[in-house]
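# A structural walkthrough
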Amino acid sequence: MSVQNRHIVIGGAAGQGLVTVGQMLSKGLVRAGYEVLVTQDYMSRVRGGHNTYNIRTGVTPLTGPAESIDILVALNQETVSLHKRALGSDGILILDEGFDAEGLAALHVPFASLAPKAVFQNIAALGVLCSVLGLSKDHAATLVHDSFGKKGQAVIAQNLQVLDEAYAWGEANAASFEKLPSAVSRAPRMFINGNESLALGALAAGVKFCSFYPMTPATSIAQNLITHGRKMGVYVEQVEDEIAALNMGLGASYAGAPTLIPTSGGGFALMTEAVSLAGVMEQPVVVVVAQRPGPATGLPTRTEQADFNLVLYAGHGEFPRAIFAPGTIEDCFFLTRKAFDISEKYQSPVFVLTDQELADRHMGVEPFDLDALPPVAGPDLSDTDAQAYKRYVLTKDGLSPRRIPGYGESIVLADCHEHTEDGHITEDIDMRIAMNDKRMLKEEGMRSEVVPPRFFGADRPDTLLLCWGSTEGAAREAANVLNGQGQRVGVLSFTQVWPLAPEQFLPLLETVPKVVCVEGNKTAQFARLLRQETGFRPHRNILRYDGRPFTASYIIGKLAD
Amino acid sequence: MLDISIYGDYHTSWCPGCGNHDVLKALKEALAGLDLAPHQVVHVSGIGQAAKAPHYITLNGFNGLHGRCLPPAQAVKLANPSLTVIAESGDGCNYGEGGNHFLAAIRRNVNITLLVHDNQIYGLTKGQASPTTSEGHVTKSQPDGVTNASFNPIAVAVAMRAGFVARAFSGNISHLATMMQEAIRYPGFAMVDILSPCISFNKVNTFGWYKQRCYELGPDHDPGNWDAAMAKANEFGEHIPVGIIWRNNERMALDERVAVCKQGPLGRQSVDMAVLAGIMQSYI
């Protein structure tokens, strides 16, 4: 077992409360100062099936999920059989005394006697886990207060009693297991996931409108905006379908409300018509596409990066767009905020492309510094010379001042056809060319402020892992491991995947002996785009499309092939 | 009353004699009568001949996609309830491609007005059957006659207890303008289905055909009586009632019920970073 960090997997059927135990434990670990990275693996059902809540924790930084397990908590027998091969040789299996450990070293917990009623089993499991890890009982107790505070003193007291007994049982029976090293004392951190961070980023950008149709794994973005929307003045509408969602979003944007539309690939497929509308109308809107495996309904609760081409090419006709691909929880906040800025500045649809793994990945992160945020662009509120105002006036940089109807006396005519400077339908050849050129000029502006890819790892690497979006974490860990073994591996992580600014990265790619593109799809979509845009062809690709997230061990294993 | 000339005078691409000209004229009269200046109104449309209306009148305009005028229209109102929002398009746009949005808009009950130019045919694409084309009607695309049952927008809206449901005929401009004004004044989702002949592609439902059949509802019809409204909604053929068919006096508009919408235009509301900092604390 690694001394510095552990991988705890809590497995069971949906509805057994494994998320409750996992979340309480994770939050306790974050509060105690440990690094925590959580990934969730679940099936498309409310009860039953097999789900896991996976917690990596320790004192060294963690960037991505792991495969081998150090502590397996089995809430049912199926968990033992499904995961026993992944349990490391020093690993511990924690399970009820009534279950079969199937030959593994195990800690059989008498849940029936520790928890007088089944509802207390979560707290009993939490108590045992805290003692096994060496997390103080005080930390565990505060979690009980947080979770049951609203239910009154009697409920808190009952749960604390179960916690005490389970913790004591753990101390008496699991003394031989190695505890976590002491955590460093540090300022309080938030325990949040990708979608929560993304919603906070939208709030920090001033989002005021969100329309959505529920779809995993994007729904919780809207849910977060609903939760915080009352305090922050955001209107969220659940609509009849995704077609309505984006068309409504464009109406709200036209009327001056910064707008976020969250969805997943299947929902986005329905929105592509309105993406094109945003393009010709030059209407700012931020669309989040949280990817999951397709085609069609695919693996609805799992992860993939195969909607890159869909987002890159969505919509008929030609118009500019920008696509951000957050690699970390922090990126979800900062890049979503930037997406609003770019969308407004260039009056174009801007996309935030995430995936299930990042959406559900929980981590302990420093609270975002709200005072240090740069301003977000907004519309032209001047209303000067209203009679002469033209929505689509031709300019040298392609940017026409966007005014808001009703904010003054300017008349704002937004149109889906090719149009004149004042927004009226036209078939004129010269105007068509001028307007199309004007719109595409904005892409040059966007290209001038592309977020450069991030580099990690060894200087002058022999091998460069090229990745985008959520894959960064696993790639960084793989590079760290290999560099620890004396290799020279670097990582180049793209957090903006369109437009590309080749001068930012091409010189590096051309000097590295072996460039390996790592992405979560079958056809190496980003590698193909790279070749199309720069002529550079990665020396090989490492691809994953089994619905499971990249891990360092997966990448290292494939590199060795 | 405003001077009607403030809404401009544009060349249109509509056929001479098309009912759309009268609808446009009635809209200008209705707006002028309500003292609504061009910058106070947002005119939202989809695709079709009727949907070109925003290009033929000086108002704020959002000419969007086919069948999609209702979602942006509702969002405009929610984002800025001080605006008067009018969605205007045809029968194909609203009842065909946009059918689901039509049903959802009735349920959502945002304070907007929907004007449907109902000519019972697709005019822009030159004469295919629309959802309101009568069964048996022969067109170039339906040479054996339309086999689908005709969609009755009035009956559907009344059945769903929509806010305000009226029918008008473009051949009677002053009555049509009155219906538009009543719809705009109604504090919720209001629709006016406007029988407006397509002189080029509908040789059945002509000016004369409608003129012969349309009759104005008198004071003996109580639009607050749902059973009476349903009976009038189902009257179409030899006799076609025009006027306010149904008026729901019990529902409150969505934009009137939502606190954040009542606090002024969403885009003008401040972003309170201190509140956001507090929200971040809740994750610690």
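Note: the structure precedes this text.
An account of the accompanying structure is given in this report. Numbering of residues starts from 1 in each chain and follows the order in which that chain's sequence is written. Written order decides the labels, with chains lettered from A and ligands numbered from 1. Side-chain atom pairs in this predicted model are given and counted only at pLDDT of 80 or more, local residue features only at pLDDT of at least 70, and totals for whole chains, interfaces and linings cover all residues. Water and hydrogen atoms play no part in the side-chain values, which are based on all heavy atoms of the structure.

## Topic: the overall build of chain A
For clarity, the threshold we go by: Helix and strand definitions follow DSSP, with helices as H or I runs of at least four residues and strands as E runs of at least two, each counted in order from the N terminus. The rule is simple: take the accessible area with a 1.4 Å probe, protein chains only, and divide by the maximum for that residue type; under 20% is buried, over 50% is exposed, in between is partly exposed. Each accessible area is a Shrake-Rupley result for a 1.4 Å probe, and residues are judged covered by the shown protein chains and nothing else. In this tally Asp and Glu are treated as negative and Lys and Arg as positive; neither His nor the chain ends contributes. Charge positions are represented by NZ for Lys, CZ for Arg, CG for Asp and CD for Glu.
Counting secondary structure elements, chain A contains 18 helices and 21 strands. When the backbone C-alpha atoms are referred to their principal axes, chain A occupies close to 85 × 60 × 40 Å. The proportion of buried residues among the 561 residues of chain A is 61%. A total accessible area of about 20,600 Å² is found for chain A, and carbon and sulfur atoms account for 51% of it. Once the 48 positive and 62 negative side-chain charges of chain A are each reduced to a mean point, those two points are 4 Å apart.

## Thoughts on the interface of chain A and chain B
The extent of an interface is frequently quoted as the accessible surface area lost upon association of the parts. Stated precisely, the cut-off is as follows: Here, two residues are considered to be in contact whenever any of their heavy atoms come within 4.5 Å of each other. Buried area, as used here, totals the accessible surface that two parts lose on assembly, with accessibility defined by a 1.4 Å probe and the loss added over both. For salt bridges, the criterion is a side-chain nitrogen of Lys or Arg within 4 Å of an Asp or Glu carboxyl oxygen.
Counting residues at the interface gives 62 residues for chain A and 51 residues for chain B. For the pair chain A and chain B, the summed buried surface comes to about 4,700 Å²; carbon and sulfur atoms form 68% of the total. Sorting the residues of chain A by area buried against chain B places Y235, E240 and Y407 of chain A first, and these three jointly supply 13% of that buried surface. Counting every contact that joins chain A to chain B gives three salt bridges. Between E273 of chain A and R68 of chain B there is a salt bridge, and its shortest N-O distance comes to 3.1 Å. Elements that contribute at least two residues to the side of chain A that touches chain B include exactly α1 (18-31), β7 (190-193), α7 (194-205), α8 (219-232), β9 (235-238), α9 (242-254), α10 (265-281) and β15 (413-415) of chain A. Of the residues forming the side of chain A that touches chain B, the biggest block, eight residues, is contributed by α9 of chain A.

## As for empty space enclosed by the protein
One simple way to see leftover space: roll a probe sized like a water molecule over the atoms. Filter applied, for reference: Grid points spaced at 1 Å and placed over the protein atoms alone form the basis of the search, with a cavity being a set where a 1.4 Å probe fits but cannot get out and a pocket an open set showing protein on both sides within 12 Å along at least five of seven lines. Lining residues have an atom within 4 Å of a point. Grid points are joined across faces, edges and corners, and a volume is the space filled by probe spheres set on the points. Charged residues are taken to be Asp, Glu, Lys and Arg, nonpolar residues to be Ala, Val, Leu, Ile, Met, Phe, Trp, Tyr, Cys and Pro, and polar residues to be all remaining types, Gly included.
The full count for this structure, using the stated rule, is two cavities of 30 Å³ or more. As a volume, the largest cavity reaches approximately 110 Å³. If you go around the largest cavity, you meet 14 residues; those closest to its centre are T303, S470, T471, P549 and F550 of chain A. Of the residues belonging to the lining of the largest cavity, the class tally is four nonpolar, five polar and five charged. Taken as a whole, the second largest cavity encloses approximately 60 Å³ of empty space. Taken together, D380, L381, S382, D383, R403, I404, Y407, G408 and S410 of chain A together with R268 of chain B make up the lining of the second largest cavity. Counted by class, the lining of the second largest cavity contains three nonpolar, three polar and four charged residues.

## Considerations on the sheet that holds strand β7 (residues 214-216) of chain B
Formally: A pair of strands is treated as paired once DSSP finds two or more bridges between them. Under this scheme, a helix contributes an axis fitted over its contacting stretch, all axes are lines through C-alpha atoms, and angles between N-to-C directions fall in the 0 to 180 degree range.
Here nine strands make up an open sheet; going across it, the order is β15(A)-β2(B)-β1(B)-β3(B)-β4(B)-β6(B)-β5(B)-β8(B)-β7(B) and the pairing mixed. Looking at strand neighbours, the two that pair on one side only are β15 of chain A together with β7 of chain B, the edges of this open sheet. Across the sheet, the mean angle separating the axes of adjacent strands is 20° when strand polarity is ignored. Where β15 of chain A and strand β2 (residues 60-63) of chain B come together, three bridges link them in parallel fashion. Among the inter-strand pairings, D415 of chain A is bridged to a residue of β2 of chain B, identified as N63 of chain B. Here helix α8 (residues 226-233) of chain B sits on the sheet in contact with β7 and β8 (240-247) of chain B, set at roughly 150° to β8 of chain B.

## With respect to α8 of chain A
Our working rule: A helix is expected to span 1.5 Å for every residue after the first. Take the seven residues that end at a residue and the seven that start at it, fit an axis to each, and the angle between those axes is the bend at that residue.
Compared with an ideal rise of 1.5 Å per residue, which puts 14 residues at 20 Å, α8 of chain A spans 19 Å between its outermost C-alpha atoms and is within 8% of the ideal. At I226 of chain A, α8 of chain A shows its maximal bend, which comes to roughly 30°. Taken residue by residue, α8 of chain A has I221, A222, N224, L225, H228, G229 and M232 of chain A as its buried positions. Buried residues along α8 of chain A sit in contact with α7, β8 (209-212), β9, β10 (259-263) and β11 (285-291) of chain A together with α11 (273-281) of chain B.

## Some details on the nonpolar core
Residues and elements named next belong to chain A. For clarity, the cut-off: The nonpolar core is taken to be a set of buried Ala, Val, Leu, Ile, Met, Phe, Trp, Tyr and Cys residues, with the residues joined through side-chain atoms within 4.5 Å.
Ranked by internal contacts, the top residues of the largest apolar core, which has 102 residues, are L509 and F526. Considering every element that reaches this core, the biggest residue donor is α10, with eight residues. Beyond its immediate chain neighbours, meaning those up to four positions away, L509 contacts L464, L466, L492, V515, L530 and F536.

## Quick look at the side chain of R361 of chain A
Residue and element names in this part refer to chain A. Its place among the elements puts R361 in the loop between α13 (356-360) and β14 (362-365). Judged by relative accessible area, R361 falls into the buried class, the value being 1%. With sequence-adjacent residues up to four places away left out, R361 is seen in contact with L37, V38, T63, I192, N193, G194, G327, T328, I329 and S470.

## Notes on the packing of aromatic side chains
Rule in force here: Only the six-membered ring of Trp is used, alongside the rings of Phe and Tyr, when aromatic pairs are assigned; centres must lie within 6.5 Å, and planes under 30 degrees apart are stacked while those over 60 apart are edge-to-face, with the rest tilted. Only when the NZ of Lys or the CZ of Arg is both within 6 Å of the ring centre and within 35 degrees of the ring normal is a charge said to sit over the ring.
Taken as a whole, this structure holds 21 aromatic pairs over all chains when the rule is applied. Between F268 of chain A and F351 of chain A the ring centres are 5.6 Å apart and the planes differ by 85°, which places this aromatic pair in the edge-to-face class. Taken as a pair, F268 of chain A in helix α10 and F351 of chain A in strand β13 (residues 349-355) lie far apart in primary sequence, 83 residues in all. Each member of the pair F268 of chain A and F351 of chain A is classed as buried. Here a set of aromatic residues connected by ring pairs shows up, and it is made of F308, W468, F494, F505 and F526 of chain A. Positioned above the aromatic ring of W498 of chain A, the side-chain terminus of R447 of chain A is 5.8 Å from the ring centre. Above the face of the W226 of chain B ring, R161 of chain B is positioned so that its terminal group lies 4.4 Å from the ring centre.

## Quick word on the sheet that holds strand β4 (residues 69-74) of chain A
Hydrogen bonds along the backbone pair up the strands of a sheet, which may run parallel or antiparallel. All names here are of chain A. Pairing in this open sheet of eight strands is mixed, and the strands run β6-β5-β4-β1-β3-β2-β14-β7 from one edge to the other. The strands lining the two open edges of the sheet, one partner per strand, are β6 (106-109) and β7. Pairs of neighbouring strands in the sheet enclose a mean axial angle of 20°, with direction left out of account. Bridge count for β7 against β14 is four bridges, and the pairing is antiparallel. Along β14, the bridge assignment pairs M190 with V365. Relative to the sheet, α1 contacts β1 (5-14), β2 (35-41), β3 (48-58), β7 and β14, its axis offset from that of β3 by approximately 10°.

## Examining the pattern of salt bridges
Applying the stated criterion across every chain yields a total of 31 salt bridges over all chains. E477 of chain A is paired through a salt bridge with R56 of chain A; the nearest N and O atoms lie 2.6 Å apart. On the criterion of sequence distance, the pair formed by E477 of chain A in helix α15 (residues 472-484) and R56 of chain A in strand β3 is long-range, its members being 421 residues apart. With respect to burial, E477 of chain A and R56 of chain A carry one shared label: buried. We note a salt bridge from R108 of chain B to E237 of chain A, for which the minimum N-O separation is 2.6 Å.

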